[in-house]
Amino acid sequence: MLLVIDVGNTNTVLGVFEGPRLLAQWRLTTAHEQTVDEYGILTRNLFALAPVDAGAIRAAIISSVVPPLDAILQQVVQRYFHIDPLFVGTKIRTLPIRIDNPKEVGSDRIVNSVAAMEIYGTPAVVVDFGTAINFDVVSREGEYVGGALVPGLGISSEALFRRAA
């Protein structure tokens, strides 16, 4: 089984896959102050409630836009699942990044683009509504060619509420 972790600015989503089938998923608040053990206990308790056998996890992949949590989550996976996680980066072979500075593309945007290609094919425009709204473009050739980032609905509403009469 595969453990996937998507760390966003607001929420962290965990999922467990057996092949292409999603067995369980959980959405947690992204907590910058939690320790390795706190994340570990929470994660193992979620597995127990699912019920999903945590001992059956054979691989883990993490997509994170919150770098301070990367080391913590790496240790969680190592300590509580006894495996080394793979981190999504700009060197995914299935998605060439065709912009001037590929390191500017967050792992969330890479994962979204790869998923859009797998599900819908190319070309594709991917829109992700989160803390920010991401617009990403995948060419007919399956290359990431650019995108835009704008404030999300929550941030925009909060700014409007504070600044408008």
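Residues numbered from 1 in each chain as written. Predicted model: local features only at pLDDT ≥ 70, side-chain atom pairs only at ≥ 80, totals over all residues. Heavy atoms only, no water.

With that settled, the discussion passes to a nonpolar patch on the surface. Taken together, the side chains of Val125, Val127, Phe129, Phe135, Val137, Val145, Val150 and Leu153 define a hydrophobic patch exposed on the protein surface, amounting to about 680 Å² of accessible area. Breaking the nonpolar patch down by element, the ones donating at least two residues are β6 (124–129), β7 (132–138) and β8 (144–151). Considering each element in turn, the nonpolar patch owes the most residues, 3 residues, to β6. Position of Phe135 among the secondary structure elements: in strand β7. For Phe135, a relative accessible area of 33% gives the class partly exposed. (Patch = residues over 30% accessible without salt bridge, like charges linked within 9 Å, V, L, I, M, F, W, Y side chains within 5 Å. Areas by Shrake-Rupley, 256 points an atom, 1.4 Å probe, with all protein chains shown as cover. Salt bridge = Lys/Arg side-chain N within 4 Å of Asp/Glu carboxyl O. Helix = DSSP H or I, 4+ residues; strand = E, 2+ residues; numbered from the N terminus. Buried < 20%, exposed > 50% of the residue type's maximum accessible area, 1.4 Å probe, protein only.)

Let us now look at the environment of Thr12. Take Thr12: it is sitting in strand β2 (residues 11–18). Relative accessible area serves as the criterion here: at 3%, Thr12 is assigned to the buried category. For Thr12 and Phe81, which are 69 residues apart along the polypeptide, the C-alpha to C-alpha distance reads 18 Å. Setting aside chain neighbours within four positions, we find Thr12 in contact with Ile5, Asp6, Val7, Trp26, Arg27, Leu28 and Thr30. (Contact = heavy atoms within 4.5 Å.)

Now for the pattern of salt bridges. All told, the structure shown has 5 salt bridges when counted by the stated rule. A salt bridge links Arg21 to Glu18, with the shortest nitrogen-to-oxygen separation between them at 3.4 Å. Judged by its relative accessible area of 51%, Arg21 falls in the exposed class. Put simply, Asp136 and Arg109 hold a salt bridge, and the shortest N to O gap is 2.7 Å. Residue Asp136 is found in strand β7, and its partner Arg109 is found in helix α3 (residues 107–120); the two are separated by 27 residues along the sequence. Comparing Asp136 with Arg109, the two get one shared label, buried.

This brings us to the pairing of β7. Successive residues of a regular strand alternate their side chains across the two faces of the sheet. Pairing of β6 with β7, which is carried by 6 bridges, proceeds in the antiparallel orientation. Across the sheet, residue Val126 finds its bridge partner in β7, namely Asp136. Linking β6 to β7, which pair antiparallel, is a turn of 2 residues. In terms of strand pairing, β7 meets β8 through 7 bridges, oriented antiparallel. Along β8, the bridge assignment pairs Asn134 with Leu149. As consecutive antiparallel partners, β7 and β8 are separated by 5 residues, and within that stretch Gly142 has a phi angle of approximately 80 degrees, a positive value. (Pairing = 2+ DSSP bridges.)

A separate point is the nonpolar core. Counting 27 residues, the largest nonpolar core has Leu3, Ile5, Phe47, Val77 and Phe81 as its most contacted members. At the level of elements, β1 (2–7), β2, β3 (21–29), α1 (36–49), β4 (59–64) and α2 (70–81) are the ones that each hand at least two residues to this core. Setting aside its immediate chain neighbours within four residues, Leu3 contacts Leu14, Gly15, Val16, Phe47, Ile57, Ala59, Ala60, Ile61, Val77 and Phe81. Among the nonpolar cores identified, the runner-up in size contains 11 residues, and Ile97, Val105, Val126 and Val138 belong to it. (Core = buried A, V, L, I, M, F, W, Y, C linked by side-chain atoms within 4.5 Å.)

For α2, built from 12 residues, the straight-helix expectation of 16 Å at 1.5 Å per residue is met to within 8% by its first-to-last C-alpha distance of 16 Å. Taken as a whole, α2 has its buried residues at Ile72, Leu73, Val76, Val77, Tyr80 and Phe81. Burial along α2 is one-sided: seen end-on, the buried residues are contained in an arc of 135 degrees. On the buried face of α2, the contacting elements are β1, α1 and β4. Just downstream of α2, His82 is the residue with a positive phi angle, here 60 degrees. (Expected span 1.5 Å × (residues − 1). Arc of directions from axis to C-beta.)

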